[in-house]
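# A look at the structure
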Amino acid sequence: MTKNGICIRTRGLNKSFGSVHAVRDLDLEMKTSSRFGFLGPNGAGKTTTVRILSGLLKQTSGSAEVCGFDVSTDRDQVKTVTGLLPESPGLYSKLSAREFLELIGALNRRSGDSLSWRIDSLLSILGLEGRQDDLLESYSSGMKQKVLVASTLLHEPKLVFLDEPTARLDPSASALVKDLILALAEETETGFFICTHMTDFAEDVCDIIGILNQGRLVTLGAPQDIIERTKTSDLEEAYLKIVGGKIDRKTLLAWR
Ligand SMILES: Nc1ncnc2c1ncn2[C@@H]1O[C@H](COP(=O)(O)OP(=O)(O)O)[C@@H](O)[C@H]1O
Ligand SMILES: [Mg+2]
């Protein structure tokens with residue numbers, strides 16, 4: 001289902017909302033089973049790109065193939081081979097982790113022993129076997145996010161999009177999610193396309209980084225290559241040098 005080891009290929013991809021040009025001439029390739037970190041300040045166009053690549057939004061022009069399927073003509077197939085954790089996912093807090101995973105499995109037309117085994121194996125990777133029957137409302141935010149990440153993997157997708165998976169988590173909860181993604185990457189062949197503006201998270205988890213600024217892909221490479229090319233000491237410094245520190249300070253001020 002993947003062509004030449006490539007699971008995402010976009011050519012001249014554009015998306016406009018009226019006068020807002022959210023994604024501009026995006027040419028992107030991602031290798032199968034890799035972990036791609038999509039970095040960029042708020043409003044850069046990351047979520048818009050993910051929505052196009054997961055078949056939820058139609059591009060204005062250009063083309064995109066995901067796992068060999070065209071996102072505009074083969075939407076159902078794209079949805080079958082991908083998983084998506086949106087920026088603000090919903091979670092049924094009156095269900096237990098197991099019930100929630102069974103519900104999401106059923107929505108993806110999975111049932112019976114194969115779903116049950118899949119849930120068992122995900123719960124064991126999550127380290128939640130002992131708490132699987134507790135209501136989600138009793139979980140910490142890191143544990144809830146782990147369950148949500150696991151729910152995107154129930155239908156054994158080839159590629160999962162995680163949109164800001166740690167944005168609302170404290171450092172210890174972020175560390176739980178980071179460990180989970182690394183464990184999943186080791187135990188399955190699933191590729192991860194992760195939108196984030198957390199450079200330390202991306203440096204630890206991703207083997208390739210694309211930096212988007214004002215809708216344009218301005219940098220692409222392995223974290224270490226980007227650091228060397230920009231003559232900086234870590235990805236955060238490299239990122240600030242590339243997108244300009246001003247944008248991020250504005251973001252920080254907005255959160256005060
Ligand atoms: N449905 C929409 N309607 C109008 N403008 C939108 C819509 N979705 C996104 N945008 C605009 O597109 C730009 C990129 O947004 P987004 O993709 O959400 O960025 P990011 O995820 O990098 O923060 C922003 O200017 C945003 O306001
Ligand atoms: Mg976003």
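Residues numbered from 1 in each chain as written. Chains lettered and ligands numbered in written order. Predicted model: local features only at pLDDT ≥ 70, side-chain atom pairs only at ≥ 80, totals over all residues. Heavy atoms only, no water.

So, about helix α4 (residues 112–126). In a regular helix each residue adds 1.5 Å, so 15 residues correspond to 21 Å; α4 covers 21 Å between its end C-alpha atoms and thus fits that length. Next to the buried residues of α4 lie α3 (97–107), α5 (141–151) and α6 (171–187). Directly beyond the C-terminal end of α4, a positive phi value near 70° is found at G127. (Helix = DSSP H or I, 4+ residues; strand = E, 2+ residues; numbered from the N terminus. Expected span 1.5 Å × (residues − 1). Contact = heavy atoms within 4.5 Å.)

In the neighbourhood of ligand 1, the contacting residues comprise F17, V20, A22, P41, N42, G43, A44, G45, K46, T47 and T48. One of the backbone N or O atoms of G43 is found 2.7 Å from an oxygen atom in ligand 1. Interatomic distance of 3.1 Å between a backbone N/O atom of A44 and an oxygen atom of ligand 1. For ligand 1, whose accessible area on its own is 560 Å², the fraction buried by protein is 61%. (Near = heavy atom within 4 Å. Polar contact = N/O pair within 3.5 Å; in protein donor to acceptor, adjacent residues only side chain to side chain. Areas by Shrake-Rupley, 256 points an atom, 1.4 Å probe, with all protein chains shown as cover.)

Pairing in this open sheet of four strands is antiparallel, and the strands run β2-β1-β4-β5 from one edge to the other. For this open sheet the edge positions go to β2 (20–31) and β5 (69–70), each flanked by a neighbour on one side alone. Pairing analysis gives two bridges linking strand β4 (residues 61–66) to β5, with the strands arranged antiparallel. Following the sheet pairing, E65 is matched in β5 by D70. Along the sheet, helix α1 (residues 46–53) makes contact with β1 (6–17), β2 and β4, crossing β1 at roughly 120°. (Pairing = 2+ DSSP bridges. Axes fitted to C-alpha atoms, helices over the stretch in contact; angles between N-to-C directions.)

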